[in-house]
Amino acid sequence: MSTTENPVPDAVRGFAAGLFDDGAATPVADGSAGGWGAVDGRDVCLAVLGEDPSGRVRALAARTGRPLVTVVPDGAAVDARALGEAARTGVALSGVVPQVAVVLGAADGAAALLLPLADVVVAVRGARSALAEPAAVQVVSGLPREGDELGGTGLHAEVTGRFAHVAEDPAAAGEFVRDLLAHLPSNNRATAPRLPDPVPDPAEEDPDLAALLPEEPGAPYDVREVVARLADEPEEGAPALLELRAAHAPHLVTGLTRLDGRSLGVVAPQPAVRGGALDAAAAAKAARFVRWCDAFGLPVLTLVDTAGAVPAGEDDPQAPTLALAQLLYACAEATAPLLTVVTGRAEGPARVALASRHAGADLVLAWPRALVADRDEVAVAPQDAGDEEWAAALRAAREDAGAARAAGRGELDGVVEPAATRARLAAALRLLERVTGSQPARRHGNLPL
């Protein structure tokens, strides 16, 4: 990259070094940090916010159908024209090409408005984003506010979920985006890269998979270990599960993995945290992720082991009703393959929203230990009954929720042993690789917001 005019910031240069095969992009103009370059042999466009007011790089991404990565340098200045142009182009490209925003410093004011429009936002530790600076907030509220409290990586990674990943430095951010793009197609008409000869062979059974789970449904375990055993062994240096928004609503896991060489999204309640129960944040996190995967044709694998929805009054901000409706909408709307495996408990309305057969999943399997409740609440013995009567009623309710009975009711497509699950899922992915059909003609649906 030429540095004769407008020298490229070191942070932007470091990010490009981690992202591109050759460590730099071909600039659109002398002295520009924005341009295009190869990532694992595929072209990717790189825009630098505040540097390209005419939108040449964004127009290039639209014209060529290439992923768009937008870097936000520290204190990037965005005027009204630049904000409007970037927003209009970003909306036009939404669901057409993957869009990633990378925050290298302070992304305040107008720059903060652009971040939620990206599919994925990656931040470098110490970065922040807020509409107002801490000093302005202090004047209005009368309370002192530190930068991290106002819009730092801790806030946006854990509370708002705006930052899907926090990297230690710009080069590490570039490497993460590189891993992310490896799972995605260049645009919505392309297919994601498929790796040949997956290891282990999907036809091989995994007799040790069942040992990862406790004997009693409801006991905590880390669902990410189950994902790693179902997935292909990753290439050297790559994670088995590229987790997104890991710190936000950690009682639900979302991320990208591979099975039989194919990329797919993963949605899984986390039994190790709050029993995998879904609140508003977790359900909204899952809904946005499913819609994003569907926009680019990525299959979604949902592993279900949840205590259901978190009880909350409808006046409680954590009431999950609206967010569960968003998740239900996302699954019912999806045209990409949806595969579901009930590994433990599937209870209440949450089980329907989590890619159930009734919501449009293409394949729903359950492990023999699974419990699929037919009703939102299980009737048990009267309150004045003795301990033995209560125990008998609970045993009967659990038997009625067993996997075999759930399959007989039409809740499942079959019961599968954990060891054979990988082979069943791989066969389903091969069958569903060429899905045909279309949605009814309309402008767009009315997503419950």
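Up top is the structure these notes are about.
Residues numbered from 1 in each chain as written. Predicted model: local features only at pLDDT ≥ 70, side-chain atom pairs only at ≥ 80, totals over all residues. Heavy atoms only, no water.

## A look at the sheet that holds strand β1 (residues 26-27)
At step 1: On the basis of which strands lie adjacent, the open sheet formed by seven strands has the order β1-β2-β3-β4-β5-β7-β9 and mixed pairing. Every interior strand has two partners, whereas the edge strands, β1 and β9 (165-167), have only one.
At step 2: Across five bridges, strand β2 (residues 35-39) lies against strand β3 (residues 42-48) in antiparallel orientation. Considered in β3, the bridge of W36 is made with C45.
At step 3: Those strands touched by helix α1 (residues 10-19) are β2, β3, β4 (68-72) and β5 (99-103), and its axis lies near 150° from that of β4. (Pairing = 2+ DSSP bridges. Helix = DSSP H or I, 4+ residues; strand = E, 2+ residues; numbered from the N terminus. Contact = heavy atoms within 4.5 Å. Axes fitted to C-alpha atoms, helices over the stretch in contact; angles between N-to-C directions.)

## Here's the deal with the packing of α1 against helix α8 (residues 170-181)
At step 1: Two numbers describe how α1 lies on α8: the axes approach to 7 Å, and their chain directions differ by 35°. By crossing handedness, the relation of α1 to α8 is classed as right-handed. Residues A11, G14, F15, G18 and L19 of α1 form the contact with α8, whose participating residues are P170, A171, A173, G174, E175, V177, R178 and L181.
At step 2: Residue composition of the contact of α1 with α8, by class: eight nonpolar, three polar and two charged. (Left-handed = near helix turned anticlockwise from the far one by under 90°. Nonpolar A, V, L, I, M, F, W, Y, C, P; charged D, E, K, R; others polar.)

## Here's the deal with the sheet that holds strand β12 (residues 262-269)
Strands pair in a sheet through their backbones, by hydrogen bonds, and they do so in one of two ways: parallel or antiparallel.
At step 1: Within the open sheet, the seven strands sit side by side as β10-β11-β12-β13-β14-β16-β18. Their pairing is mixed. This sheet does not close on itself; its edge strands, each paired only once, are β10 (242-243) and β18 (414-415).
At step 2: Its contacts with the sheet place helix α10 (residues 280-295) against β11 (252-259), β12 and β13 (300-304), and it is angled at close to 30° to β11.
At step 3: Contacts from helix α15 (residues 421-431) reach β11, β12, β13, β14 (338-342) and β16 (363-366), with the element oriented near 165° to β14.

## What to know about the environment of V342
At step 1: Secondary-structure assignment places V342 in strand β14.
At step 2: Residue class for V342 comes out buried when judged on its relative accessible area of 5%.
At step 3: The spatial distance from the C-alpha of V342 to the C-alpha of L365 is 6.3 Å, given a sequence separation of 23 residues.
At step 4: Beyond its immediate stretch of four places on either side in the chain, V342 contacts V304, L365, A366, W367, A370, V372 and L412. (Buried < 20%, exposed > 50% of the residue type's maximum accessible area, 1.4 Å probe, protein only.)

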